[in-house]
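Listed below are the residues making up each chain.
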Amino acid sequence: MPEIKYEITKEIAVLSSKGDWSKEINEVSWMGRPAKYDIREWNHKEGKMRKGITLTEDEIEELKIALNEI
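What you see is a predicted model; the values in this text were computed from it and never measured. (Residues numbered from 1 in each chain as written. Predicted model: local features only at pLDDT ≥ 70, side-chain atom pairs only at ≥ 80, totals over all residues. Heavy atoms only, no water.)

*Asks:* What am I meant to see in a negative patch on the surface here?
*Replies:* A contiguous patch of negative charge on the surface is contributed by Glu57, Asp58, Glu59, Glu61 and Glu62. Note that Glu57 resides in helix α1 (residues 57–68). (Patch = residues over 30% accessible without salt bridge, like charges linked within 9 Å, V, L, I, M, F, W, Y side chains within 5 Å. Areas by Shrake-Rupley, 256 points an atom, 1.4 Å probe, with all protein chains shown as cover. Salt bridge = Lys/Arg side-chain N within 4 Å of Asp/Glu carboxyl O. Lys, Arg positive; Asp, Glu negative; His and termini not counted. Charge placed at Lys NZ, Arg CZ, Asp CG, Glu CD. Helix = DSSP H or I, 4+ residues; strand = E, 2+ residues; numbered from the N terminus.)

What follows is the structure in structure tokens.
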């Protein structure tokens, strides 16, 4: 399995933390592609991550509208 390369280009917010893990929203570039918004759990101490979701600029705007309606 090829190595997954990523770069956190902008740290936006830590949504929650438990032990060494934190759920964060960041801008992340995956495999050298343009950065997208990314929500997932990270363990920076061990360099690990869990499954998450990536969103384009348009998708994050739609999410923002939906959250504002709650």
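*Asks:* For this particular structure, what's the right way to read the side chain of Glu27?
*Replies:* By the secondary structure assignment, Glu27 is in strand β2 (residues 21–30). Among buried Asp, Glu, Lys and Arg side chains, Glu27 stands out as unpaired, with Lys10 the closest opposite charge at 4.6 Å. Among residues more than four places away in sequence, those in contact with Glu27 are Glu7, Ile8, Thr9, Lys10, Ile12, Ala35, Lys36 and Tyr37. (Buried < 20%, exposed > 50% of the residue type's maximum accessible area, 1.4 Å probe, protein only. Contact = heavy atoms within 4.5 Å.)

*Asks:* Help me out: how do you make sense of unusual backbone geometry in this one?
*Replies:* Residues apart from glycine generally show negative phi values, whereas peptide bonds are mostly found in trans. The residue Met31 is not glycine, and still its phi comes out positive at about 55°. Residue placement: Met31 occurs in the loop between β2 and β3 (36–43). Given a relative accessible area of 46%, Met31 falls into the partly exposed group.

*Asks:* Just checking my understanding: could you explain the side chain of Glu24 for this structure?
*Replies:* One can find Glu24 in strand β2. Here Glu24 occupies a buried position and makes no salt bridge, while the nearest side chain of opposite charge, Arg40, is found at 9.0 Å. For Glu24, the side chain forms a polar contact with the side chain of Asn26, separated by 2.9 Å. Those residues in contact with Glu24, other than ones at most four positions away along the chain, are Ala13, Val14, Leu15, Asp38, Ile39, Arg40, Trp42 and His44. (Polar contact = N/O pair within 3.5 Å; in protein donor to acceptor, adjacent residues only side chain to side chain.)

*Asks:* What am I meant to see in the pairing of β3 here?
*Replies:* Looking along a regular strand, one sees the side chains alternate between the two faces of the sheet. Bridging between β2 and β3 involves seven bridges; their strand directions are antiparallel. Paired with Ser22 across the bridge in β3 is Trp42. The turn joining β2 and β3, which pair antiparallel and follow one another in sequence, is formed by five residues; a positive phi near 55° is taken by Met31. By the bridge criterion, three bridges tie β3 to strand β5 (residues 53–55) in an arrangement that is antiparallel. Paired with Ile39 across the strands is Ile53, a residue of β5. Where β3 folds back on strand β4 (residues 48–49), the antiparallel hairpin that results is connected by four residues, among which Gly47 adopts a positive phi of roughly 70°. (Pairing = 2+ DSSP bridges.)

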